[in-house]
Number of protein chains: 2
Amino acid sequence: MANEKLVGNMLIAQSGGPTVVINQSLVGAVLEAKKHSAIKKIYGSRHGLKGILEENLCDLGKETNANLELVAGTPSSALGSVRKKPTPEDCVKVFQVLRKYNIRYFFYIGGNDSAETTHIINEEAQKAGYVMKCFHICKTIDNDLRENDHTPGFGSAAKFVAQAFMGDNLDNRALPGVKINVIMGRHAGFLTAAAALARVYPDDGPHLIYLPERPFTLEKFVADVQAVYAKYKRCVVAVSEGISDDQGTAIAAKFIKEVDSHGNVQLSGSGALGDLLAKEIKEKAAISRVRADTFGYLQRSFAGVVSVNDAKEARQAGVAAVKFATGNQFNSGSTAIKRKPGKKYAVTIERTELRNVAKETRHMPDEFITKAGNDVTPAFIAYAKPIVGDLPKIGRLKAVPVTKA
Amino acid sequence: MANEKLVGNMLIAQSGGPTVVINQSLVGAVLEAKKHSAIKKIYGSRHGLKGILEENLCDLGKETNANLELVAGTPSSALGSVRKKPTPEDCVKVFQVLRKYNIRYFFYIGGNDSAETTHIINEEAQKAGYVMKCFHICKTIDNDLRENDHTPGFGSAAKFVAQAFMGDNLDNRALPGVKINVIMGRHAGFLTAAAALARVYPDDGPHLIYLPERPFTLEKFVADVQAVYAKYKRCVVAVSEGISDDQGTAIAAKFIKEVDSHGNVQLSGSGALGDLLAKEIKEKAAISRVRADTFGYLQRSFAGVVSVNDAKEARQAGVAAVKFATGNQFNSGSTAIKRKPGKKYAVTIERTELRNVAKETRHMPDEFITKAGNDVTPAFIAYAKPIVGDLPKIGRLKAVPVTKA
């Protein structure tokens, strides 16, 4: 790449599961792009790759800054999203469209699949000798992107999970029993682990945390719950939807299969895993009040629960991607959030190769999981706390007992 | 009741499902009680009636005001709650305990069942010629207490539902399909109806709202969803857990029964109603992307989502109950929130007879439900808005289309 500025249009798109801060990245990139004379038109694609394939684009240069700021604070992909693994033909077609619109700056906000797509599009451009900057902007509530200390979207989803558990722990304390909450994250347990941030007092739930990173057995689960229940007369459990047995088979999938053989597919329903676990406790542990909730989509796009740092970093990632792209150093890459060493929490957004983020995902490191495999360590709490930020203040009564009359 | 002050101890307890503002009522009552010299000891019962029966009381006079304020802002019944319909023997026993501890001021925070319990205890006291002030302090997220314009707990739960739908509507807009959310409220549709507050733009969801107050049929439901989907290529639905057929049989119960006859009880699971409705749409409307979530316990005790007016009024209800009790006018009663006439939202807390609130519940009035029975009216929005208060600001891109190249 010569020092000469690459002049042309920009296209940005959003992909995969929405987050509450994904528009911060979009708006960060657009506002930064407006500062660069080399970037002419600023286009957005409606619903990710789908919009490119269908040439369904919008002109983001026509948005006012005030409206962009309003959109930045609004949850869920404002351009629309898509769940689409592009075929090789799709990638060729996408590249053709980008060339047709003289796109010289391409940005794709998403997780590891989006990084992979960006990587393939970049390779198509290179093969054709078409000079185009291709950047991926990191995003995922699962927090499972490699090269990143953590990813935009995770902090706010984790805050939702923590606040939900704060309330639910107190609900369970008021009306004791066993409460099981199923949390998103098929392969990485970070979001489920964030439930631990809800704890204020030593006896607060979640009392048990089950992650996809450790093999799960119903026997151990029942024994764990019984032990907690014996101690506290109640038990709050955080369970990842992705918990699996020692063969790597998801417990939820195992359950569905078992039920399918009885000709009953409804049990693959939205609450199936929680219901299975609740039934086990009722039957095997002989505890009568057992409830399960599945947090579902609420945890990824709930309006009004936002981590301040998460919003800020999502914005910074968008800005950084445009800065990397308009600089002379790199033709492509992905934004990666790195934590600065030192006691005070601070991050930098660095640039990494697309292939470093694409395809494979990251899991909870061993030092974040207790030996027993059913809880997180203080190291995880220290890691997650600044990402999630302030949580509601929780109190309890001293409740000095009255001597019986 | 003579003008002479009734001197003795006070006991307060919390009952039924927790809310995020139920401790405001508790703290309001305790702080007000501290001002009255006629009230000597201020006791709290642990877990409602259970704590009275077991003489498991705590001394709330030993709480600092600072700690009480912290507790006031903390979700879920700080004294613990109970789901217990007292037997006649229980009521006799409860009264005996109250007398033993020289309780002359008794307060019970809860819904219509708690009002009934307070009523029975009051009658026991009168039968025995024991002078005791018995007051019920209104509370329920279901908003189904008679005599009340609305009830403490509803505003904050409704705010949670509205914010959830704000995010979920945008999630559905980003990744279009049919999304069904099942909301609490077995007999009254107020909380489900609050989903309508999420709407900002004319095409925003929820597009359909199903309440227990109108008969529900799967046929009409499928036709409704198809009509919305034809218009918007997406559809967000709010469904009360209590929707029933024209015979008054709950759809969820019908479903469970049907499944029971196949020897399969798991389908009564936490997501059963949502799953049933999603399956109907997939099969009958031939729409592929259909998802269902059941909000579960999150909506009643989520930490950090609080309506300002709800918190304030819950506090006022607690204060008012003690004022009524320490006054000379009434021996018993329930606090009732009345809305003042006029454009500006304002309420007063009045005193009503216990029997007016006990047992029976209130439903959504006809003027709050559209003729088609699948949505709420502007009258409902006007009613609910000030109760719920400010909601997050939501924006969308102008998204000016780019002419195809």
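What counts as what
Residues numbered from 1 in each chain as written. Chains lettered and ligands numbered in written order. Predicted model: local features only at pLDDT ≥ 70, side-chain atom pairs only at ≥ 80, totals over all residues. Heavy atoms only, no water. Axes fitted to C-alpha atoms, helices over the stretch in contact; angles between N-to-C directions. Helix = DSSP H or I, 4+ residues; strand = E, 2+ residues; numbered from the N terminus. Left-handed = near helix turned anticlockwise from the far one by under 90°. Contact = heavy atoms within 4.5 Å. Nonpolar A, V, L, I, M, F, W, Y, C, P; charged D, E, K, R; others polar. Pairing = 2+ DSSP bridges. Buried area = accessible area lost by both parts, 1.4 Å probe. Salt bridge = Lys/Arg side-chain N within 4 Å of Asp/Glu carboxyl O. Polar contact = N/O pair within 3.5 Å; in protein donor to acceptor, adjacent residues only side chain to side chain. Least-squares fit on C-alpha atoms with pLDDT ≥ 70 in both. Parallel < 35°, antiparallel > 145°, perpendicular 65-115°, else oblique. Domains from an automatic or database assignment.

> Just to check I follow, could you spell out the packing of helix H4 (residues 88-100) of chain B against helix H5 (residues 112-127) of chain B for this structure?
Each packed pair of helices is defined by two parameters, the angle between the axes and the distance between the axes. All names here are of chain B. Put simply, H4 and H5 touch, their axes get as near as 9 Å, and they point 65 degrees apart. With respect to the hand of their crossing, H4 and H5 are arranged in right-handed fashion. On the side of H4, the interface is formed by Cys 91, Val 92, Val 94, Phe 95 and Leu 98, while H5 contributes Ile 120, Ile 121, Glu 124 and Ala 125. Looking at the contact of H4 with H5 residue by residue, the classes come out as eight nonpolar, no polar and one charged.

> Explain the sheet that holds strand E9 (residues 290-294) of chain A to me, please; I cannot follow it from the model alone.
Strands in a sheet are paired, the pairing made by backbone hydrogen bonds, and the direction either parallel or antiparallel. Residues and elements named next belong to chain A. The strand order across the open sheet formed by four strands is E7-E8-E6-E9, and the pairing between neighbours is parallel. In this open sheet, the two strands that pair with only one neighbour each are strand E7 (208-210) and E9. The mean inter-strand angle of the sheet, taken between neighbouring strand axes irrespective of direction, is 15 degrees. Bridge count for strand E6 (residues 178-183) against E9 is five bridges, and the pairing is parallel. Among the inter-strand pairings, Ile 180 is bridged to a residue of E9, identified as Ala 292. Along the sheet, helix H6 (residues 154-174) makes contact with E6 and strand E8 (235-240), crossing E6 at roughly 165 degrees.

> Help me understand the interface of chain B and chain A in this model?
You'll often see interface size given as the accessible area lost when the parts meet. Taken together, the contact between chain B and chain A spans 82 residues of the former and 82 residues of the latter. Broken down residue by residue, the surface that chain B buries against chain A is led by B:Tyr297, B:Leu397 and B:Val402, which jointly contribute 11%. Counting across the interface, chain B meets chain A through two salt bridges. Residue B:Asp171 pairs with A:Arg300 through a salt bridge whose shortest N-O separation is 2.7 Å. For the pair chain B and chain A, the interface holds 36 residue pairs in polar contact (both at pLDDT 80 or more). Within the residue set of the side of chain B that touches chain A, elements represented by two or more residues are strand E3 (57-59), helix H3 (65-72), helix H6 (154-174), helix H10 (272-285), strand E9 (290-294) and helix H11 (298-301) of chain B.

> What exactly am I supposed to notice about the relation of the copies chain B and chain A here?
Applying a rotation about an axis and a shift along it to one chain copy brings it onto the other copy. When chain B is brought onto chain A, the operation consists of a screw motion whose angular component is 180 degrees and whose axial shift is 0.0 Å, with 0.0 Å RMSD remaining. The operation mapping one copy onto its partner corresponds to a two-fold rotation axis. Ranked by how close their C-alpha atoms come to the rotation axis, the residues of chain B are headed by B:Gly271, at 2.3 Å. In this assembly, 100% of the residues forming the interface of chain B have copies in chain A that are likewise at the interface, indicating an isologous arrangement.

> How should I be thinking about the packing of helix H1 (residues 22-33) of chain A against helix H3 (residues 65-72) of chain A in this particular structure?
Residues and elements named next belong to chain A. One way to put it is that H1 packs onto H3 with a least axis distance of 8 Å and a crossing angle of 155 degrees. When the interaxial angle is binned, H1 and H3 end up roughly antiparallel. Side by side, H1 and H3 meet where Asn 23, Gln 24, Val 27, Val 30 and Leu 31 of the first sit next to Asn 65, Leu 68, Glu 69, Val 71 and Ala 72 of the second. Along the lines of polarity and charge, the residues of the contact of H1 with H3 split into six nonpolar, three polar and one charged.

> Whenever I open this one, the domain arrangement of chain A confuses me. Can you help?
Residues and elements named next belong to chain A. Taken as a whole, chain A is organised into domain 1 (8-141 + 305-357) and domain 2 (156-299 + 363-388). Here the C-alpha centre of domain 2 lies 34 Å away from the C-alpha centre of domain 1. On the domain 2 side, the residues contacting the ten residues of domain 1 number twelve residues. Buried area between domain 1 and domain 2, summed over both chains or domains, comes out near 890 Å², and the portion from carbon and sulfur atoms is 58%. The largest per-residue losses of area from domain 1 upon contact with domain 2 belong to Ile 141, Val 305 and Arg 339, which jointly make up 58% of the total buried on that side. Viewed at the interface, domain 2 and domain 1 are joined by zero salt bridges. Within the side of domain 1 that touches domain 2, the residues separate by chemical class into six nonpolar, two polar and two charged.

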